[in-house]
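Coordinates in review
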Amino acid sequence: ATLHSFISCVSICRVYFQLLSTPTPTSAPTPSPSPSPKPVTDRLKVRLAGYPRKHNEGRVELFYKGEWGTICDDDFSITNANVLCRQLGFVAATGWTHSAKYGKGQGKIWLDNVMCGGGEKSIEFCKSRGWGNSDCTHDEDAGVVCKDERIPGFIYCIRLYNQISGLSKNVEEVRLRPVVAMAKKRLPISEGVVEVKYKDGWAQICDVGWSIKNTRVVCGMLGFPHEKKVNKNFYKLYLERQKNHFHIHSVACSGTEVHLAACPLEFSKPNATSTCEGGMAAVVSCMPGPLFMQNSGLKKKLKTSVKLNVRLKGGAKLGEGRVEVLKDNEWGTVCDDRWNLQSASVVCRELGFGSAKEALTGARMGQGMGPIYMNEVKCAGQERSIWNCPFKNITSEDCQHVEDAAVRCNVPYMGFENSIRLTGGRTRYEGRVEVLGSDSNGTQSWGLICGESWSPKEAMVACRQLGLGYANQGLQETWYWDSSNVTEMVMSGVKCTGTEMSLSQCQHHKTVSCQKSAAKFSAGVICSDTASDLVLNAPLVQQTVYIEDRPLHMLYCAAEEDCLSKSAAQANWPYGHRRLLRFSSQIHNIGRADFKPKAGRHSWVWHACHGHYHSMDIFTHYDLLNANGTKVAEGHKASFCLEDTDCQEGVSKRYECANFGDQGITVGCWDLYRHDIDCQWIDITDVRPGNYILQIVINPNQEVAESDFTNNGMKCNCKYDGHRIWLHNCHIGDAFSEEAERRFDKYPGQLNNQVS
């Protein structure tokens, strides 16, 4: 059974490597007529194509006789889909499609009337009319929907590359063994002897013919973007006194591989003596990225001097996220057509990480907003920036945000997870936070964190340090998780920005100071693999803005909900009016989990005047700021009713307010607050004419966890002449470059409303 699983995995991995390779074969051998054909993956490639689709679904295409073609949907079944999905590395199929749901293919229709039994290793072994024998058109192209779960080990197929290539050995794990005393104590380990896992121990690599390209690959695997020269003379003296076992005698990387196993390797023969004539054990030295440098001065200098034109958004862990690139001072996304490990590795190294572990497609890290700048990126792997790679410019027909590309990068091992743990929770994703500290004698022990001032940002860092994804909740009391004998508070006043790798990098009191020092008031977290991410449609605000002078007799309900400025209390009710700055708000959930109010429906507040329930006291803040950033007018919006007003194609609404319905915003949907509903305004009755900034912040108190809070705000330049109002430059908080944002804040205002 083990051998069968191994052969299966090798077959799947071969398909994987064929799909990743850049060159396309010009020919493919025809199927052997022999009764016992070789495994089909030796000669057949399968891929998913079409639009719109996610990474685990699409039109089925087969590469045969040097040409891509499709499968007709006649007699197609879920059994066929299961065979295809397993061949593509997914555990199973959840459905199949007919009538070219993912668009019509081109070229040949290779197979028709396909009927699988279910146990076939490949679609070729299923019954059919034979290759190229079909009476179908491309209107009948079949597609599959695979379960979004990989066959165990599939994403690590690269480690099996040498078996796939017909070699008898493989490289599973690689490490650097430091020999300098200081290097042993400090993480990350960036220099040392290269060792590969061998049997129950570790073996060395002979450095005869070792090149800087090999070093680049090893460094990339271990999370380092660059390689350095190493002092071989120092190591030679050390290694001569050591007993070495050489498992690999020759390595010949090109420098673009993402794993040592993908390089041509020569292993030592089983009965030969494991020596390295004319050489010694390979030693490498790597350059950590700015985030992992131990020299804080150099780290700060690099951070301020390097202006990056690429970033990652929406990832739970360090080194993963949706790829966004900067063009003309505005951030946009990358389309996933032809997105592969080479292009992903260029992004990872540019950001100070190692090579890429995964090149993700189908908006696996959430969908972006705004422009899509690149399509069909084709990096060789040596480029210094993704902007140096060949790519196609985008038209609206080419791509949509459901195809946003993402990456998971190799990052250096820092050991942060060893100094934090959760106790008392029902699952490993929740519990009271305990951290490992040392006393004056150097004795290590576990302790608690004071719950005062503990917020979602601190919880976000704790979950990241634990490797458990996003923070769902940060809790200031944990009496219900009292199962540990740890009772001493060892950390207080923790204040994080939310981007740190560990709690030790956050600000905190030098001496513990906690008013409620009992263990039940210690900090806790609930972590989650996914989180929501709310973003405002900035152009819609700009398009819908206007001023209304609304009579006071129509504002009694609004006054009851505190939606008017303080001076309204002194007005001569019901006579007179209030001047209101009105606009529409369309709030999208581009995350990977539904946005749901923190409070359960049992605690929602009924507002009889408006006839609705409030599930959140304050859902958005509306502010008008002057040039100094001082508020001159403000408004707020309670969760009038969180619901799915509309959704993207293929996404169903889940939340509806009517009849005390469930409230929330589904992933891929949006909630629209129209300009003509109560409290959808700022009361500017007391505001003088001038130049201002309109600022809108969603989920301002961060009551509900999100994957990214930097895009919750939106700002616009605003000119008010006492009669009319103009908005322009409306953008979400993280849409512009730092330089453009600085220019925005210093904006002097429009001099006139003439078109220049």
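So, how was this worked out
Position numbers for residues start from 1 in each chain and track the written sequence from start to end. Residue-level local features of this predicted model are given only where pLDDT is at least 70; pairs of side-chain atoms are given and counted only at 80 or more, and the full residue set underlies all totals for whole chains, interfaces and linings. Side-chain numbers here rest on the full set of heavy atoms in the structure, without hydrogens or water. Put simply, DSSP marks the helices as runs of H or I at least four residues long and the strands as runs of E at least two long, and each gets a number from the N terminus on. The rule is simple: take the accessible area with a 1.4 Å probe, protein chains only, and divide by the maximum for that residue type; under 20% is buried, over 50% is exposed, in between is partly exposed. For every residue, the pLDDT score states the predictor's confidence, bounded by 0 at the bottom and 100 at the top. In this analysis, two residues are considered to be in contact whenever any of their non-hydrogen atoms come within 4.5 Å of each other. Every case where a carboxyl oxygen of Asp or Glu lies within 4 Å of a side-chain nitrogen of Lys or Arg is listed as a salt bridge. When DSSP finds two or more bridges between two strands, those strands count as paired. To define axes, lines are fitted to C-alpha atoms, for helices over the stretch in contact only, and angles between the resulting N-to-C directions are given on a 0 to 180 degree scale. Note that a disulfide, as used here, is simply two cysteine sulfur atoms within 2.5 Å. The charged-residue count follows a simple rule in which Lys and Arg add positive charge and Asp and Glu add negative charge, with His and chain termini not counted at all. In the analysis that follows, any N or O atom pair within 3.5 Å is treated as a polar contact, provided that within protein one partner can donate a hydrogen and the other can accept it, and provided that, for residues neighboring in sequence, both atoms belong to side chains.

1. What about unusual backbone geometry?
Following Leu187, the chain continues to Pro188 via a peptide bond in cis, the omega torsion being 5°. In this fold, Pro188 is placed in the loop between helix H4 (181-185) and strand E8 (191-198). Look at Asn699: it is not a glycine, yet its phi comes out positive at around 50°. For Asn699, the location among the structural elements is in the loop between strand E37 (690-698) and strand E38 (713-720). For Asn699, a relative accessible area of 2% translates into the label buried.

2. Section: the confidence of the model for the protein
Detailed reading of the predicted coordinates is not advisable wherever pLDDT is low. Mean pLDDT over the protein: 84, with 87% of residues reaching 70 or higher. Within the model, the stretch residues 14-42 combines pLDDT values under 50 with 55 contacts to residues more than four positions away or in other chains. Within the model, pLDDT remains below 50 along residues 749-756, and this stretch shows 7 contacts once partners closer than five positions in the same chain are excluded.

3. Quick notes on the pattern of salt bridges
Under the counting rule described, the total for this entry stands at 34 salt bridges. Between Arg47 and Glu61 there is a salt bridge, with the nearest N and O atoms lying 2.8 Å from each other. Note that Arg47 is positioned in strand E1 (residues 45-49) and Glu61 in strand E2 (residues 57-64), a separation of 14 residues in sequence. Note on Glu61: relative accessible area 6%, which makes it buried. Among the ionic pairs, Arg338 bridges to Glu376, the shortest N-O distance being 3.9 Å.

4. A look at the sheet that holds strand E32 (residues 620-625)
One open sheet holds the 5 strands; their spatial order is E33-E32-E37-E38-E39, and the pairing between them is antiparallel. Two strands close off the open sheet at either side, each with one partner strand: strand E33 (631-637) and strand E39 (725-732). Here the strands of the sheet are splayed against their neighbours by 20° on average, with no regard to which way each runs. With 6 bridges connecting them, E32 and E37 associate as antiparallel partners. The residue bridging Leu624 from the neighbouring strand is Leu694, located in E37.

5. Description of the state of the cysteines
By definition, a disulfide links the sulfur atoms of two cysteines through a covalent bond. Counted according to the given criterion, the structure contains 15 disulfides. For Cys253, the disulfide goes to Cys263, at an S-S distance of 2.1 Å. Looking along the S-S bond of the Cys253-Cys263 disulfide, the torsion reads about 105°, which is the right-handed sense. Taken as a pair, Cys253 in the loop between strand E11 (246-251) and strand E12 (265-267) and Cys263 in the loop between E11 and E12 lie far apart in primary sequence, 10 residues in all. Accessibility assignment for this pair places Cys253 and Cys263 in one class, buried. The partner cysteine of Cys348 in its disulfide is Cys409, sulfur to sulfur 2.0 Å. Every disulfide takes its handedness from the sign of the S-S torsion; for Cys348 and Cys409 that torsion is -80°, giving left-handed. With Cys348 in helix H8 (residues 341-350) and Cys409 in strand E19 (residues 406-409), the pair connects residues that are 61 residues apart, well separated along the chain.

6. Observations concerning the environment of His602
Looking at where His602 falls in the secondary structure, it is placed in the loop between strand E29 (585-589) and strand E30 (605-607). The class of His602 is exposed, set by a relative accessible area of 75%.

7. Concerning the pairing of strand E15 (residues 320-327)
Extensive coverage of E15 is indicated by the burial of 7 of its 8 residues. Bridge count between strand E14 (residues 310-313) and E15: 4 bridges; the pairing is antiparallel. In the strand pairing of E15, Lys313 is matched with Arg322. Linkage of E14 to E15, two consecutive antiparallel strands, is achieved through a turn of 6 residues, within which Gly314 is found at a positive phi near 85°. Direction of pairing for E15 relative to E19: antiparallel, over a ladder of 3 bridges. Bridge pairing links Arg322 to Ala406 in E19. Bridge analysis of E15 against strand E16 (residues 330-334) gives 4 bridges, and the strand direction is antiparallel.

8. Section: the sheet that holds strand E36 (residues 681-683)
As summarised here, the arrangement of the 3 strands in space is E27-E28-E36, forming an open sheet in which the pairing is antiparallel. Unpaired on one side and paired on the other, strand E27 (546-551) and E36 mark the two borders of the sheet. In this sheet, adjacent strand axes meet at a mean angle of 35° when their direction is disregarded. Pairing between strand E28 (residues 577-582) and E36: 3 bridges, direction antiparallel. Pairing of Arg582 across the sheet is with Trp681, part of E36.

9. Structural notes on the side chain of Glu350
Of note, Glu350 is situated in helix H8. Although Glu350 lies buried, it forms no salt bridge, and the closest oppositely charged side chain, Arg384, sits 8.9 Å away as judged by the N-O distance. In this structure the side chain of Glu350 is engaged in a polar contact, spanning 3.1 Å, whose partner is the side chain of Ser385. Sequence-distant contacts of Glu350, defined by excluding residues within four places in its chain, comprise Leu308, Asn309, Val310, Arg384, Ser385 and Ile386.

10. Focus on the side chain of Ser522
Take Ser522: it is sitting in the loop between strand E24 (489-491) and strand E25 (524-528). The buried category is assigned to Ser522, whose relative accessible area is 0%. One polar contact links Ser522 to Arg432, side chain to side chain, over a distance of 3.1 Å. A polar side-chain atom of Ser522 sits 2.7 Å from the main-chain carbonyl oxygen of Ala519. Those residues in contact with Ser522 that sit more than four places away from it in its chain are Arg432, Leu448, Ile449, Gly451, Leu475, Gln476, Glu477, Thr478 and Met489.

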